[in-house]
Amino acid sequence: TMAADEEYHREKWTRFGNEAERTEKDVIRNQHLLRNRVDKMALRRQSAHMNYLERLSQKAPDFTIPLRAHTVWEGMTVILSCSVRGCPPPKIQIHSCSSISSEQVQKSIHSKYYPFVFLPISLLLLHFYDITLLDLLFLLPLLGLQQQKEAQFDMSFPPTWVKEGSGLSLQCTFTSGLLPFQQDVLWFRDGIQLQQSSNVDIKTFDNKSIITMMAAYKEHEGVYSARLRTRDGTEEHMAFVYLKDGSAAVPGGPASPLAVEVSDVNKDYVFLTWQPPSADGGSPVEGYYVERCDLSQGEWVRCNVDIQKICHFPVFGLREGALHQFRVCAVNKAGVGRPSKATEPVLTADPLEHTRTMGITYGLGRTITITKDELEGQVKAPFPPTDVRACELSDTYVVLSWTEPEPRGREPLTFYVERSLAGKNSWELTSLDTVVNSPRYPVFDLVKDKQYCFRVRSINKYGVSDPSDPSPPISLGKPQAVPPPPHSVMAIRDTDTSVLLQWQEPKGKDDILGYYLYYSEAGKQEWKTVNNKPLNPTRFIVHGLKTWKEYVFRVKSVSRAGNSKYSDESHPILVKSAINVPSPPSAIALLLCTESEMVLGWRAPSSNGGSSVRGYYLDQKEKGMEIWREVNIKPAKEKQLKVSDLKTGHFYQFRVFAANAAGVGKPSDASEAFLCEKWTMPEPGCPYDLELREVRDDSLVLRWASPLYEGQSPVSGYMLEMSQGNQSDNWTILTAKPVSETHYKVTGLQTGHTYCFRVSAVNNAGVGRASLSSEPVTVQTQPGTKEIKIGVDDDGFIFLGYEAVEMNDDSEFIWSKNYTEPIDSQRTKAETTENRSVLTFKDPSEEDLGLYTVEMSDSPQLSSSYEFTAEGTSWTPVTRVLIFIGINYHFFSDILRHCGVRLWLQTESLSNSAELRLVFNDREISTSPRRKINFDKAKGLVEILFDQLSQEDEGSYTAQLRDGRAKNQCTLVFVTNTNKDTSFKWFKDGLEIKDLSYDQTTGIISLSISQVMEKDESRPSLCVRNYIHKLQLTQRSNIIVTHILTAALSAGPLRIESTAEGFKIYSSLRYYISFLKTSWYFKKIDQETRTKPGSSMQKVWMEILNPTENDKGEYMLEMFDGKETHKRLYELSAEDRAKVVKGLPDVVAIMEGKSLCLTCFIDGDPAPEIFWLRNDREILDQTQFTITKESKRTSITVNKVTTEDSGKYSIFVRNQYGSETVDVTLSVYKKGDKPPANAVEMG
């Protein structure tokens, strides 16, 4: 009954009130106990914290205001003052440079004790004093304690690029182990601290700290920084991490959106926002598809049928109490792009549930929960909702929001949504087919430019409420316009690989989320994306550019409505370092000293700051003095300077400043104290100005200047010494005898090792003082190093060309001869175009022979040399082929079978565009029935073949050759007449041969050799030519020889060598055999598919392609000289050839993140060379890949494989008898995926 229910509720509330009173008393008592404990703990922490602050505030003593030098009259009273600081307070001791009574000194010391203590000190004395501070920190070593040196940043991560979805690892190393208070190294992204999580792993140990992201996405792009605590505060290193777009889902498709965020979570509704991608795939982004995934089902479902053009969308109809994830895909005319990073799982639940319940704890951990529904009494049917309004407006939808009714009716609520055109009372049900569980509802089917009113009804199992009050008139919003583009894009030089980009915001900037940057090499229009996460500031340093390349830039504005148009392009900028002041000079040396003058020399600064050094300033001081005084007001142009007005017997120190267009740099370290005393020693002084040029992988050139002081006799040479390492004192002599020049090329160095050099001058009295050591140099060819190249210009002039890798506005090319001689302007002409310089020889001759060098005025390390040498009175063949087509000697003639004659000319190898013009007696000739003309451009061979000579063939033969700009010609006067006065002599190796016959009627002379023996081949390369051309004639003639030695007899034994595709069996010949018939025999080889026979002037060969085990056996070469057949044999054993025995499957599969090791066994004698290839390219990376090689076994380890490591891997082995390649396909699959069915699963 109603009375019974009321009695029950009254008793329930009475029990609740009594229990609540007891609970309140317990809470008050516990609060008092807890407060006492907290106060005691705070006092203990405060004491420990004060001790920690005291230790942290310890500071070594130093002078904030040091003592100054004074010059006074004798008998004057002098007051010297200085201030010191330190914590704990320093102890002060005063020392005089001469003994003095205590009555002569009065000390006044005042101190105030702060964390850093400043002590003003006043002394009344008659002499100069030194002050020494004894700090308690300095006494620690005496007590066996030592303050540890704190760690600082050593090597840190540079700007880094990582592909979307790949792992990211950044590492900082420190100068020493981290002290206890430094162990907590903090990592930040865009100023927000990163914490350990399932995707982020932070490790700090020994002297390094590493942060690793298992998967990096566009949201993770930004400035990463590592923060290290120090005693003085914190040190921080930061660099930008760029996220590159992942592979496109379809060709030409857009990149993935980013920053998908979920808000306004309800039982069946969430609201999504995101940011548009930077790369559109070549066509504008038309809109987006939103996808959701119920984690209990594991399937992605598209939420919208029509593409959503604006970067926000309401998702409705979700299952209550389930975990959901969301992602977004961009769409352009090519199709749907790559999806964004999925959101974190979101639980769909009533966000106001906690406001309708109250939990009260009582007794021993028991809790009673009371809901508002229980306080509603007997109300069952719900009240209508209130405050119906639009919470989100778009040009395609409206999201309605309302407040749930109170009371609710004790049962779960759902809602009906009704609408009507504004001003009319014709209500219709909007949510006819939809169950609305939460007070949010998106409406999509509204008509533009019309206003609607909405009302809502509450529903539970007891009934339907009355409708709510209508909402104010609501209409679709106006389409959101894309923002205007930025303007005034300007690029400014920064470093050799980066540029500072600045731009101005557009006027309508309220809705702008940030900016996307793009760059391209000037003139190419190949645009690339700089950043994939919108940047908020209007300036950014773009990294990863190529030095000495010109770039242009443009910018887009980013908003929820999409990206703006591109801004105007910036002006092209050449990537190179901005100008800074030069670094300090170094290595100050005393070059000459008289009674009152010194000549100082020094080493140029290691960096000129991007602008050539315009001069040097020198300061001096006497030893023991503190004040530096300027030596020169006008800058010294050279790296040496004479200092005058010095005092004999005094010691002086010097320091040097370098200056360029940006200003004066920092001073060098003070030199050692030099004694001003006239030099009289018999040995020479030290050489100076040591410079290193042309540093390559195993050599360099050392240059120096002769000493200014020669001693008692002129300098006769120089001794060179070398040490290995940065600061080694183990010097070894480079040359057994003194070097006469002031330059020397050091060879035989080890790549990657560091060396120092020094030079000593030698005269009749002995070896003088050594120069200061050169700067340490690592012997290694720098990337992009250029060399001098020789060529011939369009006018036929020889030139030397050099292209600079780096060049500033005031850079100049300096050409010299033999490193010291200036270039003769009468004989050469130097021209510079952009970053290339050309030295042209006007009339080359033997006077131009020598070593030519070039270097940059502001970067002498960029240097190269080229040497012209002579062979007798000719240019070298290397030079000759570039000046003109190299012709070996002159025309030659050979006697062929059946009295045929061959005139031939050998040149250098020619290109396919080479041209030949043969002139006979002032008229051009070509192939005819009586003669045949052959022109082999690749071999450089010109042949004229006569079947039989006649008087018509007598005359002058001229071969005119042209290949590009190179040309040459050769002439032969050819006659065939003999008479009765003609006499002949045959010679072999200089000895006359008597046994010959001569027929005056035919003009034929014959020499018969019954059998050609090995002893007859004493000069095999010229055997036939000697018999033909070594003729002693009383008048000019050429004789037809009827007998010719067989060329086949000069063929050597068969040998074998490996090639890129197999192996080659060959025989070396002593001279050309163009008419020698050769045949190869081996029964098991298909001659048409896997063999390639060939011949040259020195060899005849057969190449076997893709060799197999069946290729072993006997190979035979037959040579037919017209009468006899000559054979050469070779037995090929399978054990000799390099081959892979076993070990590699065809396909292997491994899960991403594991390490893969492939091992195989090889055989061959001699031991084969081993090469591992990836996608047909040799693997050189020793960080990602570890390769071990043994005599019969080799292996490769791929560390922590990723999907990018998938592909074809090969092992290639070879020796002189052949080669073999074995392939294996690697498939990397992700966790949860299945490996390919045909693959061998590893790991």
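Rules and cut-offs
Starting afresh in each chain, residues are numbered from 1 along the sequence in its written order. Selection of residues for local features in this predicted model requires a pLDDT of at least 70, selection of side-chain atom pairs for listing and counting requires 80 or more, and totals for whole chains, interfaces and linings are taken over all residues. Excluded from the side-chain calculation are hydrogens and water; included are all heavy atoms of the structure. We count a stretch as a helix when DSSP gives it H or I for four or more residues in a row; a strand needs E for two or more, and each element gets its number in order from the N terminus. Whether a residue is buried, partly exposed or exposed follows from its accessible area with a 1.4 Å probe, protein chains only, as a fraction of its type maximum: under 20%, in between, or over 50%, in that order. Two residues form a contact once any of their heavy atoms are found within 4.5 Å. Using the Shrake-Rupley algorithm and a 1.4 Å probe, accessible areas are obtained, with residue cover drawn only from the displayed protein chains. In the analysis that follows, any N or O atom pair within 3.5 Å is treated as a polar contact, provided that within protein one partner can donate a hydrogen and the other can accept it, and provided that, for residues neighboring in sequence, both atoms belong to side chains. Strands qualify as paired when DSSP identifies two bridges or more between them. Here the axes come from fitting lines to C-alpha atoms, over the contacting stretch only for helices, and the angles between their N-to-C directions go from 0 to 180 degrees. Two cysteine sulfurs form a disulfide in these notes if their separation is within 2.5 Å. The predictor attaches a confidence to each residue, called pLDDT, with possible values from 0 through 100. For patch building, the residue pool is restricted to those with more than 30% relative accessible area and no salt bridge; the joining distance is 9 Å between like charges and 5 Å between nonpolar side chains (Val, Leu, Ile, Met, Phe, Trp, Tyr). One speaks of a salt bridge when a side-chain nitrogen belonging to Lys or Arg is within 4 Å of a carboxyl oxygen belonging to Asp or Glu. To qualify as a nonpolar core, a set must consist of buried Ala, Val, Leu, Ile, Met, Phe, Trp, Tyr and Cys residues joined through side-chain atoms within 4.5 Å. Only Phe, Tyr and Trp rings take part, Trp by its six-membered ring, and two of them pair if their centres are within 6.5 Å. Stacked means planes under 30 degrees apart, edge-to-face means over 60, and tilted covers everything else. Two conditions define a charge located above a ring, namely a distance within 6 Å from the ring centre to NZ of Lys or CZ of Arg, and an angle within 35 degrees of the ring normal. The sign given to each residue is positive for Lys and Arg and negative for Asp and Glu; His and the chain ends receive no count. Here the site of a charge means atom NZ of a Lys, CZ of an Arg, CG of an Asp or CD of a Glu.

Enquirer: I would appreciate a short explanation of the overall build of the protein in the present structure.
Expert: Each helix and strand counted, the protein has 4 helices and 94 strands in total. Burial status across the protein gives 42% buried among its 1243 residues. Once local pairs closer than 6 in sequence are excluded, the contacts in the protein between residues at least 24 apart make up 64%. Total accessible area on the protein stands at roughly 68,300 Å², and carbon and sulfur atoms take up 49% of it.

Enquirer: How do you make sense of the environment of lysine 937 when you look at a structure like this?
Expert: Positionally, lysine 937 belongs in the loop between strand E70 (931-936) and strand E71 (941-946). In sequence terms lysine 937 and asparagine 912 are 25 residues apart; their C-alpha atoms lie 6.5 Å from each other. Only 2.9 Å separates the side chain of lysine 937 from the backbone oxygen of asparagine 912, close enough to count as a polar contact.

Enquirer: What's the story with the sheet that holds strand E29 (residues 440-443) in this structure? I'm lost.
Expert: Taken together, 3 strands build an open sheet; the order of strands is E25-E26-E29 and the sheet is antiparallel. Single-partner strands in this sheet number two, and they are strand E25 (386-393) and E29. Taken pair by pair, the neighbouring strands of this sheet meet at an average axis angle of 25°, ignoring direction. In this sheet, strand E26 (residues 398-403) lies alongside E25 in antiparallel orientation, the contact comprising 5 bridges.

Enquirer: What's the story with the pairing of strand E37 (residues 550-559) in this structure? I'm lost.
Expert: Each regular strand carries side chains that alternate between the two faces of the sheet. In terms of burial, E37 is largely enclosed, as 9 of its 10 residues are buried. For strand E34 (residues 514-521) and E37, the ladder comprises 8 bridges, and the chain directions are antiparallel. Looking at E37, one finds that tyrosine 516 is bridged to lysine 556. Bridge count for E37 against strand E39 (residues 573-574) is 2 bridges, and the pairing is antiparallel. Across the sheet, residue glutamate 550 finds its bridge partner in E39, namely leucine 574. Connecting the antiparallel pair E37 and strand E38 (residues 562-563) is a turn made up of 2 residues.

Enquirer: Would you take a moment to explain the state of the cysteines for this structure?
Expert: Formally, a disulfide is one covalent bond, and it connects the sulfur atom of one cysteine to the sulfur atom of another. Applying the stated rule across the entire model yields 0 disulfides. Cysteine 676 carries a free sulfur, and the closest cysteine sulfur to it, the one in cysteine 593, is 4.5 Å from it. Look at cysteine 676 and you get buried, because its relative accessible area is 0%.

Enquirer: Please clarify how the confidence of the model for the protein should be interpreted in this entry.
Expert: Atomic detail in the predicted coordinates should be set aside for any region of low pLDDT. Mean pLDDT over the protein: 80, with 81% of residues reaching 70 or higher. The low-confidence segment residues 871-884 (pLDDT under 50) makes 31 contacts with residues lying over four places distant or belonging to another chain. pLDDT under 50 marks residues 1011-1046. Its contacts with residues more than four places away, or in other chains, come to 84 contacts.

Enquirer: What am I meant to see in a nonpolar patch on the surface here?
Expert: Taken together, Tyr416, Leu429, Leu432 and Val464 make up a surface patch of nonpolar side chains, about 360 Å² in accessible area. Take leucine 429: it is sitting in strand E28 (residues 428-429). A relative accessible area of 32% places leucine 429 in the partly exposed class.

Enquirer: Mind showing me how you'd approach the pattern of salt bridges here?
Expert: Opposite charge on two side chains permits them to pair, given that their charged atoms come into close proximity. The full count for this structure, using the stated rule, is 34 salt bridges. For aspartate 26, the salt bridge is made with arginine 29, and the minimal N-O distance between the two is 2.8 Å. Separated by 3 residues within a single helix, aspartate 26 and arginine 29 lie in helix H1 (residues 2-56), roughly one turn from each other. Relative accessible area serves as the criterion here: at 33%, aspartate 26 is assigned to the partly exposed category. The closest approach of N and O atoms between arginine 440 and aspartate 264, which form a salt bridge, is 2.8 Å. Taken together, the residues span a long stretch of sequence, with arginine 440 in strand E29 and aspartate 264 in the loop between strand E15 (258-263) and strand E16 (269-275) at a distance of 176 residues. With a relative accessible area of 16%, arginine 440 lands in the buried category.

Enquirer: Just to check I follow, could you spell out the sheet that holds strand E90 (residues 1185-1189) for this structure?
Expert: In space, the 4 strands of this open sheet follow the order E85-E87-E91-E90, with antiparallel pairing throughout. Where the open sheet ends on each side, the last strands, each with one partner, are strand E85 (1139-1142) and E90. Pairs of neighbouring strands in the sheet enclose a mean axial angle of 30°, with direction left out of account. Both E90 and strand E91 (residues 1193-1198) contribute to a ladder of 5 bridges, which runs antiparallel. Looking at the pairing, lysine 1189 lines up with threonine 1194 of E91.

Enquirer: Sorry if this is basic, but what is going on with the nonpolar core here?
Expert: Side chains of nonpolar character tend, in soluble globular proteins, to be buried together. Core analysis: the largest hydrophobic core is formed by 24 residues, its most contacted members being Leu1156, Trp1172 and Ile1211. Those elements that provide at least two residues to this core are strand E86 (1147-1151), strand E87 (1156-1163), strand E88 (1169-1174), E90, E91, strand E92 (1207-1215) and strand E93 (1218-1229). Setting aside residues up to four positions removed in sequence, tryptophan 1172 forms contacts with Leu1144, Leu1158, Cys1160, Arg1177, Glu1178, Ile1179, Ile1187, Thr1194, Ser1195, Ile1196, Ser1210 and Ile1211. Counting residues in hydrophobic clusters, the runner-up holds 22 residues, among them Leu168, Tyr224, Ala239 and Val241.

Enquirer: Any chance you could explain the packing of aromatic side chains here in plain terms?
Expert: What describes a pair of aromatic rings is the distance from one ring centre to the other and the angle between the planes of the rings. The final tally for this structure, using the stated rule, is 27 aromatic pairs. Feature note: the residues Trp161, Phe240, Tyr242 and Phe540 constitute an aromatic cluster, connected by ring pairs. The residue whose ring lies beneath arginine 227 is phenylalanine 188, and the NZ or CZ to ring-centre distance is 4.0 Å. Across from the ring centre of tryptophan 300, 4.1 Å away, lies the NZ or CZ of arginine 327, which sits over that ring.

Enquirer: Help me out: how do you make sense of the pairing of E29 in this one?
Expert: Neither face of E29 is exposed, since Arg440 and Pro442 on one face and Tyr441 and Val443 on the opposite face are all buried. Strand direction decides the pairing type here: E26 and E29, joined by 4 bridges, are antiparallel. What sits directly across from leucine 400, in E29, is tyrosine 441.

Enquirer: I keep staring at unusual backbone geometry and nothing clicks. Help me out?
Expert: Glycine aside, residues mostly have negative phi angles, and peptide bonds mostly take the trans form. Unlike most non-glycine residues, glutamine 525 shows phi in positive territory, near 55°. With respect to the helices and strands, glutamine 525 occurs in the loop between E34 and strand E35 (528-529).

Enquirer: Looking at this model, I keep getting lost on the environment of methionine 1119. Mind explaining?
Expert: Relative to the elements of secondary structure, methionine 1119 occurs in strand E83 (residues 1113-1120). Here methionine 1119 falls in the buried class, since its relative accessible area comes to 0%. As for methionine 1119 and threonine 1078, which are separated by 41 residues in sequence, their C-alpha atoms are 4.5 Å apart.

Enquirer: Is there a simple way to think about a positive patch on the surface in this case?
Expert: A cluster of basic residues, Lys528, Lys546, Lys549, Lys786, Lys789 and Arg836, forms a positive patch on the protein surface. By relative accessible area, lysine 549 is classed as partly exposed at 34%.

Enquirer: What am I meant to see in the side chain of asparagine 266 here?
Expert: Take asparagine 266: it is sitting in the loop between E15 and E16. Within the structure, the side chain of asparagine 266 is placed 3.3 Å from the side chain of aspartate 264, a separation counted as a polar contact. Those residues in contact with asparagine 266, other than ones at most four positions away along the chain, are Thr348, Ala349, Pro351, Ser438, Pro439 and Arg440.

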